[in-house]
Amino acid sequence: CEGMRRERPDLPVIMMTGQDTTVNRLRSEGFGASAFIAKPFPLNRFRDMVAAMLRERQCSESRANAPRILMYSHDTIGLGHMRRNSAIAARIVEQNPRASVLMLVGSPSGIPFALPSGVDYVKLPSLTKVGRALWRPQSLRVSPSDIISLSAALIEQAALSFEPNLFLVDHEPSGVSDELIPTLERLRAERTEIVLGLRDILDEPKVTLQNWEARGTNEVVKRLYDRIFVYGDESVFASRRVYDLERLKPRNVSSCGYVTSVDGTR
């Protein structure tokens, strides 16, 4: 068994014996056995064990070739952010039919666009923006702090269950009222690639730079993100220079061009 494990470390090994003792179970673990089964045993139990091991192995192998992308959009009013993210998700699964994209959205209507196979979404609690960086529950009769705690917990649980290879965050690096921070920190520890997607024109540059500095957004991007994608063209608007993005992620800012809708009409 030890020799086999050296030659084929990826090959599951089931140890079968008529001597079901603690010593033998510990010895089989030491030899690198994947499972221990004692005689007598029904044949269907052995078949189930083999089937489970094969499924686990196939899942592990397919995961390497079937990336999972988690996307977040705080859009609660218009459809611009959602349309852009839907187009990106559709393009991902078109390029890689084995990919899966899970979108986290805050729009009250969910996603009204038709989504291709491989793309789905989780609806977060709806919010209403009542001022700059000020949000209130749109429907639930709970406090603002409670709605943010609920949303943060849903986002984190979705990320932990989905186990994404990449997390693409739209527009708001920290999420609404910092609801993304726990998830970003958890995924960062697990070495998930974390990308911030920004449209080329955010707001008046001076206002954006002041707000990001005051709210700690700059430090969040520096600490928790791997790179920044700008949806635009540098020859049209020099986002990297105007918003000083290179200072946040030196050599890791890319202009991706403008994103059209799913049907390519816009």
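Computed from a predicted structure; not experimentally measured. Counting of residues starts from 1 at the beginning of each chain's written sequence and follows it residue by residue. In keeping with the model being predicted, local features are shown solely for residues with a pLDDT of at least 70 and side-chain atom pairs are shown and tallied solely at 80 or more, while totals for entire chains, interfaces and linings include all residues. Based on all heavy atoms of the structure, the side-chain values leave hydrogens and waters out of the count.

Chemist: Explain the pairing of strand 2 (residues 35-38) to me, using residue names and the numbers behind them.
Modeler: Partly exposed describes any residue whose relative accessible area lies between the buried limit of under 20% and the exposed limit of over 50%, with all areas from a 1.4 Å probe on protein chains only and scaled to the type maximum. Only DSSP runs of H or I with at least four residues qualify as helices, and only runs of E with at least two residues qualify as strands; both kinds are numbered from the N terminus onward. Burial of the side chains of strand 2 extends over both faces: A35 and I37 are buried on one face and F36 and A38 on the other. The pairing of strand 1 (residues 14-17) with strand 2 spans four bridges and is parallel. From the neighbouring strand, M15 faces strand 2, where its bridge partner is F36. Crossover connection from strand 1 via helix 2 (residues 22-31) to parallel strand 2: handedness right-handed. What makes two strands pair is DSSP finding at least two bridges between them. A right-handed crossover is one whose linking path, passing over the helix from the first strand to the second, runs clockwise when the strands point away from the viewer.

Chemist: With reference to specific residues and values, describe the side chain of S151.
Modeler: Within the secondary structure, S151 is located in helix 5 (residues 144-162). The contact definition used throughout considers only heavy atoms, calling two residues in contact when any of these lie within 4.5 Å. Sequence-distant contacts of S151, that is, excluding residues within four places in its chain, are made with L124, P125 and E179.

Chemist: Can you break down the packing of helix 6 (residues 181-189) against helix 8 (residues 217-224) residue by residue, with the values?
Modeler: To get an axis, a line is fitted to the C-alpha atoms, and for a helix only the part in contact is used. The angle between two axes follows their N-to-C directions and goes from 0 to 180 degrees. As a packed pair, helix 6 and helix 8 sit with axes 11 Å apart at the nearest point and diverge in direction by 25°. On the basis of the axis angle, helix 6 is roughly parallel to helix 8. Relative to helix 8, helix 6 is oriented so that their crossing is left-handed. Side by side, helix 6 and helix 8 meet where I181, L184, E185 and R188 of the first sit next to V220, R223 and L224 of the second. Each angle is binned into one of four classes, with values under 35 degrees roughly parallel, values over 145 roughly antiparallel, values of 65 to 115 roughly perpendicular, and all other values oblique. Helix crossings get a hand from a simple test, with the near helix turned counterclockwise from the far one by less than a right angle marking a left-handed crossing and a clockwise turn marking a right-handed one.

Chemist: Hey, could you go over the nonpolar core for me, with residue numbers and the actual values?
Modeler: Note on terminology: a nonpolar core comprises buried Ala, Val, Leu, Ile, Met, Phe, Trp, Tyr and Cys residues joined through side-chain atoms within 4.5 Å. Ranked by internal contacts, the top residues of the largest apolar core, which has 36 residues, are Y72, F167, L184, Y225 and L245. Here the element with the most residues in this core is helix 5; it accounts for six residues. Excluding its chain neighbours within four sequence positions, the residues that come into contact with Y72 are L104, L124, I155, F167, L168, V169, D170, E172, G175, V176, E179 and L180. M71, A99, F113 and L168 belong to the second largest nonpolar core, which has 16 residues in total.

Chemist: Can you tell me about the confidence of the model for the protein chain, naming the residues and giving the values?
Modeler: Looking at the protein chain as a whole, the pLDDT averages 88, with 94% of positions reaching at least 70. Values of pLDDT, ranging from 0 to 100, describe the predictor's confidence in every residue of the model. Here helix 3 (residues 43-65) stands out as the element of the protein chain with the lowest mean pLDDT, 74, in contrast to strand 8 (residues 166-170), whose mean of 97 is the highest.

Chemist: Report on unusual backbone geometry, specifying residues and quantitative values.
Modeler: The omega torsion of the bond from K39 to P40 falls at -5°, within 30 degrees of zero and hence cis. Looking at the element boundaries, P40 is found in the loop between strand 2 and helix 3. At H171, a residue that is not glycine, the phi angle is positive and equals roughly 75°. With respect to the helices and strands, H171 occurs in the loop between strand 8 and helix 6. Look at D178: it is not a glycine, yet its phi comes out positive at around 65°. By the secondary structure assignment, D178 is in the loop between strand 8 and helix 6.

Chemist: Explain the environment of T21 to me, and be specific about the residues and the numbers.
Modeler: Looking at the secondary structure, you find T21 in the loop between strand 1 and helix 2. Each C-alpha atom, one on T21 and one on A38, is 9.2 Å from the other, the two residues being 17 residues apart in sequence.

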